[in-house]
Every structure is written in structure tokens, then in C-alpha cells.
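Chain and residue survey
In case you want the letters, here they are:
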Amino acid sequence: MSQSTNIMGIPFPNVTMDQTVAILGKVVDQESTELFHVITGNPEIVMSCQKSTSLRQVVDQAGLVTADGAGIVMVSRLRGGQLTERVTGCDLLFRLLEEGNRKHWSFYMLGAEESVSEQAVKVIAQRYPGVVVKGRHHGFFQADEEQQIVEEICTAQPDFLIVALGAPHAEHWINKYRHQLSAHVAIGVGGSLDILAGKTKRAPAIWQKLNLEWLYRLLSQPSRWRRQLILPRFAARALLFREPK
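Residues numbered from 1 in each chain as written. Predicted model: local features only at pLDDT ≥ 70, side-chain atom pairs only at ≥ 80, totals over all residues. Heavy atoms only, no water.

**Comments concerning a nonpolar patch on the surface**
- Judged by side-chain polarity, Met 74, Leu 78, Leu 239 and Leu 240 come together as a nonpolar surface patch covering roughly 400 Å² of accessible area.
- Of all the secondary-structure elements, those providing two or more residues to the nonpolar patch are α4 (70-78) and α13 (230-240).
- Within the fold, Leu 240 resides in helix α13. (Patch = residues over 30% accessible without salt bridge, like charges linked within 9 Å, V, L, I, M, F, W, Y side chains within 5 Å. Areas by Shrake-Rupley, 256 points an atom, 1.4 Å probe, with all protein chains shown as cover. Salt bridge = Lys/Arg side-chain N within 4 Å of Asp/Glu carboxyl O. Helix = DSSP H or I, 4+ residues; strand = E, 2+ residues; numbered from the N terminus.)

**Quick notes on the pairing of strand β6 (residues 132-137)**
- In the sheet, strand β5 (residues 106-111) pairs with β6 via five bridges, with the strands oriented parallel. Looking at the pairing, Ser 106 lines up with Val 132 of β6.
- For the segment spanning β5, helix α6 (residues 114-127) and β6, crossover handedness is right-handed. (Pairing = 2+ DSSP bridges. Right-handed = clockwise from strand over helix to strand, strands pointing away.)

**Concerning the side chain of Thr 5**
- Its place among the elements puts Thr 5 in strand β1 (residues 4-7).
- A distance of 2.8 Å separates a polar atom in the side chain of Thr 5 from a polar atom in the side chain of Asn 14.
- One polar contact links the side chain of Thr 5 to the main-chain amide nitrogen of Gln 82, over a distance of 3.0 Å.
- Setting aside its immediate chain neighbours within four residues, Thr 5 contacts Ile 10, Pro 11, Phe 12, Asn 14, Ser 76, Gly 81, Gln 82 and Leu 83. (Polar contact = N/O pair within 3.5 Å; in protein donor to acceptor, adjacent residues only side chain to side chain. Contact = heavy atoms within 4.5 Å.)

**Side note on the packing of helix α3 (residues 53-61) against helix α8 (residues 169-176)**
- Where α3 contacts α8, the two axes come as close as 10 Å, and the packing angle between them is 65°. Considering their axes alone, α3 and α8 lie roughly perpendicular with respect to each other. Between α3 and α8 lies a crossing of left-handed hand. Between α3 and α8, the contacting residues are Ser 54, Leu 55, Val 58 and Gln 61 on the first element and Glu 171, His 172 and Asn 175 on the second.
- Grouping the amino acids of the contact of α3 with α8 by side-chain chemistry returns two nonpolar, four polar and one charged. (Axes fitted to C-alpha atoms, helices over the stretch in contact; angles between N-to-C directions. Parallel < 35°, antiparallel > 145°, perpendicular 65-115°, else oblique. Left-handed = near helix turned anticlockwise from the far one by under 90°. Nonpolar A, V, L, I, M, F, W, Y, C, P; charged D, E, K, R; others polar.)

**Some points on the sheet that holds strand β4 (residues 64-67)**
- Ordered in space as β4-β3-β8-β7-β5-β6, the six strands form an open sheet in which the pairing is parallel. In this open sheet, the two strands that pair with only one neighbour each are β4 and β6. The average undirected angle you get between the axes of adjacent strands in this sheet is 20°.
- Two strands pair when backbone bridges link them, and strand β7 (residues 160-164) and strand β8 (residues 185-188) are joined in this way by four bridges, in the parallel orientation.

**Quick notes on the nonpolar core**
- Within the largest apolar cluster, 35 residues are counted, with the highest numbers of intra-cluster contacts made by Phe 160 and Ile 187.
- Taken together, the elements giving at least two residues each to this core come down to α1 (17-30), β3 (36-41), α5 (89-103), β5, α6, β7, β8 and α9 (192-197).
- Counting residues per element, this core draws most heavily on α5, which supplies six residues.
- Excluding residues that lie within four positions of it along the chain, Phe 160 makes contacts with Leu 24, Val 28, Leu 96, Trp 105, Ser 106, Phe 107, Tyr 108, Val 185 and Ile 187.
- Formed by 23 residues, the second largest nonpolar core is a distinct cluster that contains Ile 10, Ile 39, Val 46 and Phe 241. (Core = buried A, V, L, I, M, F, W, Y, C linked by side-chain atoms within 4.5 Å. Buried < 20%, exposed > 50% of the residue type's maximum accessible area, 1.4 Å probe, protein only.)

**Section: the pattern of salt bridges**
- Considering all chains together, one arrives at eight salt bridges under this definition.
- In this structure, Asp 18 engages Arg 95 in a salt bridge whose closest nitrogen and oxygen atoms are separated by 2.9 Å. Of the two residues, Asp 18 sits in helix α1 while Arg 95 sits in helix α5, which places them 77 residues apart along the sequence.
- Look at Arg 95 and you get partly exposed, because its relative accessible area is 26%.
- A salt bridge links Arg 102 to Glu 99, with the nearest nitrogen and oxygen atoms 2.4 Å apart. Here the residue Arg 102 and the residue Glu 99 both occupy positions in helix α5, the gap between them amounting to three residues, near one helical turn.
- Judged by its relative accessible area of 58%, Arg 102 is exposed.

**So, empty space enclosed by the protein**
- Scanning the model with the defined rule gives one cavity of 30 Å³ or more in all.
- Forming the boundary of the largest cavity are Phe 12, Pro 13, Val 15, Val 65, Thr 66, Ala 67, Leu 83, Glu 85 and Val 87.
- Among the elements that take part in the lining of the largest cavity, β4 stands out by supplying three residues, more than any other.
- The residue makeup of the lining of the largest cavity, split by class, is seven nonpolar, one polar and one charged. (1 Å grid on protein atoms, 1.4 Å probe; cavity = no way out; pocket = protein on both sides within 12 Å on 5 of 7 lines; lining within 4 Å. Points joined across faces, edges and corners; volume = space filled by probe spheres on them.)

**Observations regarding the packing of aromatic side chains**
- Taken as a whole and assessed by the stated rule, the structure comprises four aromatic pairs.
- Relative to Phe 160, the ring of Trp 105 lies with its centre 5.1 Å away and its plane at 50°, an arrangement referred to as tilted. Within this pair, whereas Trp 105 is found in the loop between α5 and β5, its partner Phe 160 is found in strand β7, the two being separated by 55 residues in sequence.
- Taking relative accessible area as the criterion, Trp 105 reaches 3% and is therefore assigned buried.
- Judged by its relative accessible area of 0%, Phe 160 falls in the buried class.
- Ring pairs connect the aromatic residues Trp 105, Phe 107 and Phe 160, which therefore count as one cluster. (Phe/Tyr/Trp six-rings, centres within 6.5 Å; stacked < 30°, edge-to-face > 60°.)

Right, dumping it as C-alpha cells:
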């Protein structure tokens with residue numbers, strides 16, 4: 001794997017989207033019994049790692065951490081790093097479905113509301129008929145239901161386990177059951193199933209190209225303003241960050 005760029009103590013490998021898909025394709029081809037956990041690292045996760053040792057351990061154990069967000073790439077460039085492009089959870093999911101359509105990869109979808117989960121699977125069947133959906137479950141389950149869900153995933157043995165439980169809950173959940181899931185790759189994708197199902201609208205391509213997707217989401221959902229406050233705090237702390245001696 002390529003060299004990494006360090007952002008507030010978190011190493012981000014310098015990989016593009018194409019390289020990421022190629023890496024995960026090799027993981028599937030190798031049919032390893034060890035789960036490959038992909039974390040799409042956004043500013044919220046990086047900031048949370050500064051306070052949560054348990055999340056930091058999960059990130060450190062991951063097979064791959066990608067730069068999910070313009071803020072990560074921007075800080076990298078300003079600090080002389082080598083990150084060249086974002087690899088977001090949503091974009092990665094769509095790319096994996098495209099590749100999976102050609103290679104007949106299998107998926108299990110966990111998360112979102114029941115109606116969204118159901119619609120997302122219908123959309124996959126229509127747009128990506130070569131993809132095999134081995135199962136799905138909504139994200140509003142109780143603790144006593146978890147083991148049954150884990151057993152269902154274990155029986156399904158998907159190439160990709162897509163977890164839309166929100167960060168960092170998805171990351172902790174994957175790590176908690178990583179030795180029981182029998183999937184090749186597991187990825188936390190935030191609200192991507194909502195976008196796939198059409199419940200939430202993705203920012204137009206020009207906004208994405210200008211790295212202004214965060215602003216589009218804020219204008220579309222003003223209630224997100226408190227959450228968006230983390231972005232300037234992240235930028236300031238990341239640019240001033242010094243590795244402890």
C-alpha cells in the first residue's frame with residue numbers, strides 16, 4: 001500500500017478511489033477469513049479519536065482508512081501531505097456496486113429505516129442486476145436482536161457488509177462482531193442508503209467538484225448547523241497539531 005499522510009495522529013494512506021476499489025477487489029478475490037474493515041475517515045471521526053481511546057483503537061485496527069471529506073484533503077495539502085482526492089463512504093458504495101455489477105459481488109445491507117432499506121435493495125436490483133444482495137436489515141434494532149442479525153450475516157457470507165448506522169456507531173459495531181460476521185469487507189457508510197433509496201438528495205456534481213458538498217447539505221438541512229460547527233474546529237486543530245514526543 002502507498003505511503004500515508006498523518007492527520008492528527010491518524011494515518012491516511014494516499015489512495016485514490018480507483019486504487020481503493022482495486023484493493024477491496026483483491027481482498028474479495030483472496031477469500032480471506034479475516035474481516036477487512038474499511039473506515040471512511042471524516043473530520044468528525046478524527047476529532048472523536050482525540051477523546052475516545054476505544055474509537056482510536058478501532059481505527060488503528062482497520063484494514064484501510066480513507067479520506068472522507070474535503071476537510072481531510074485540504075488539511076493534508078496545507079501540511080504538505082499527499083492526499084489527492086476524497087474517498088467518501090457514499091461514493092465508494094456506488095463504485096463498489098458498479099464493479100460488483102460486473103463481477104457479481106454479493107452484499108448485505110444493514111441500517112436505515114425499514115422502508116429505506118427495502119427501497120435501497122429494489123434500486124440495486126434495477127440499476128445493478130449483476131449484484132447479489134444476500135440480505136438486509138433496518139438499523140433500528142434493539143440490543144437483544146443483535147446476535148440474530150450477526151448470525152444472519154454469518155450465514156449469508158457476503159463479499160461486502162454495508163453498515164449504515166451512523167459514525168462512530170457503525171465502526172464500533174463492525175469491530176465488536178468482526179470475528180463473527182463472515183464477510184470479506186465491512187464498511188460504515190453513514191446515510192448513504194438514504195441517498196441510494198432516493199430519500200435524501202445528493203449534492204449536484206458541481207458542488208462536489210468544488211468541495212462544497214458540506215455547504216449544500218447545510219443549505220438543504222439547516223438543522224445540521226450544529227454538526228457543521230466541527231469543520232472549522234477540525235481545520236484549526238489539525239493545522240496546529242503536533243505529534244506528542
